[in-house]
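# Descriptive analysis of the structure
Each chain, letter by letter, is given below.
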Amino acid sequence: MKTARAYSSVCSSTDVSDTAALIAAELAATAVAHARVPGRDFELRLTLAADTLRIEVSDARGDREPEPRPPAGDSESGRGLILVEALATSWGTKDRTVGKTVWAEVAREGLTISLQ
């Protein structure tokens with residue numbers, strides 16, 4: 001129930017910056033939980049275009065493609081990519097020489113950028 005409330009409050013939020021932060025956090029958490037390779041880190045990259053913010057997380061596991069799946073029962077995890085899919089205007093993956101990049105885009109309208 002706690003997750004459902006958090007999900008509904010995020011989905012009804014009009015603050016694009018919060019949405020972008022949530023997507024970045026979910027992609028990073030997914031990389032840490034499911035694509036960790038000892039001795040390797042993940043990389044977070046943000047690209048701001050005229051009408052879109054692109055969030056990219058690259059990791060060293062090219063053999064594991066992310067796939068949103070319904071979480072098991074009352075599990076407290078497993079909803080990250082479902083949230084990304086619901087909140088991003090588009091998302092996907094691209095191969096790299098080593099590993100993969102998972103990306104998501106958010107419409108820039110109303111986006112505030114803070115360099116704190």
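Residues numbered from 1 in each chain as written. Predicted model: local features only at pLDDT ≥ 70, side-chain atom pairs only at ≥ 80, totals over all residues. Heavy atoms only, no water.

Moving on, we come to the overall build of the chain. A tally of regular secondary structure across the chain gives 3 helices and 4 strands. When the helices and strands of the chain are read in sequence order from the N terminus, they spell out α-α-β-β-α-β-β. Pairs at least 24 residues apart make up 61% of the contacts formed inside the chain by residues separated by at least 6 positions. Total accessible area on the chain is roughly 7500 Å²; 51% of this is exposed by carbon and sulfur atoms. (Helix = DSSP H or I, 4+ residues; strand = E, 2+ residues; numbered from the N terminus. Contact = heavy atoms within 4.5 Å. Areas by Shrake-Rupley, 256 points an atom, 1.4 Å probe, with all protein chains shown as cover.)

As summarised here, the arrangement of the 4 strands in space is 1-2-4-3, forming an open sheet in which the pairing is antiparallel. The open sheet has two free edges, formed respectively by strand 1 (43-48) and strand 3 (90-95), since each of these has just one partner strand. If you compare each strand with its neighbour and ignore which way they point, the axes differ by 20° on average. Two elements, strand 3 and strand 4 (residues 100-107), share 6 bridges in a ladder whose sense is antiparallel. If you follow Ser90 over to strand 4, its bridge partner there is Glu105. Strand contacts of helix 2 (residues 16-34): strand 1, strand 2 (52-59) and strand 4, with the helix running at about 10° to strand 2, the strand carrying the most contacts. (Pairing = 2+ DSSP bridges. Axes fitted to C-alpha atoms, helices over the stretch in contact; angles between N-to-C directions.)

The next thing to look at is the pattern of salt bridges. Evaluated as defined, the whole model comprises 8 salt bridges. Lys94 is the partner of Glu56 in a salt bridge, and the nearest nitrogen-oxygen pair spans 3.4 Å. One end of the pair, Glu56, is in strand 2; the other, Lys94, is in strand 3, with 38 residues separating them in the sequence. Sharing partners across several salt bridges, the network here consists of Glu43, Arg45, Arg54, Glu56, Lys94, Arg96 and Glu105. (Salt bridge = Lys/Arg side-chain N within 4 Å of Asp/Glu carboxyl O.)

Below, the discussion takes up the nonpolar core. Formed by 16 residues in total, the largest nonpolar core has its most connected members in Ile23, Leu27, Ile55, Val84, Ala104 and Val106. At the level of elements, helix 2, strand 2, helix 3 (80-87) and strand 4 are the ones that each hand at least two residues to this core. When residues in this core are grouped by element, the largest group, 6 residues, is from helix 2. (Core = buried A, V, L, I, M, F, W, Y, C linked by side-chain atoms within 4.5 Å. Buried < 20%, exposed > 50% of the residue type's maximum accessible area, 1.4 Å probe, protein only.)

Scanning the entire structure with this criterion turns up 0 aromatic pairs. Over the aromatic face of Trp103 sits the side chain of Arg54, whose NZ or CZ is 4.3 Å from the ring centroid. (Phe/Tyr/Trp six-rings, centres within 6.5 Å; stacked < 30°, edge-to-face > 60°. Lys NZ or Arg CZ within 6 Å of the ring centre and 35° of its normal.)

Before going further, it helps to spend a moment on the environment of Ala35. Looking at where Ala35 falls in the secondary structure, it is placed in the loop between helix 2 and strand 1. Separated by 23 residues in the primary sequence, Ala35 and Ser58 place their C-alpha atoms 9.5 Å from one another. For Ala35, the residues in contact, after removing those within four places along its chain, are Thr30, Asp59, Ala60, Arg61 and Lys100.

Tracing the sequence through the fold places Thr52 in strand 2. On the basis of relative accessibility, which here comes to 18%, the residue Thr52 falls in the buried class. At 3.1 Å, the side chain of Thr52 and the side chain of Asp51 are in polar contact. (Polar contact = N/O pair within 3.5 Å; in protein donor to acceptor, adjacent residues only side chain to side chain.)

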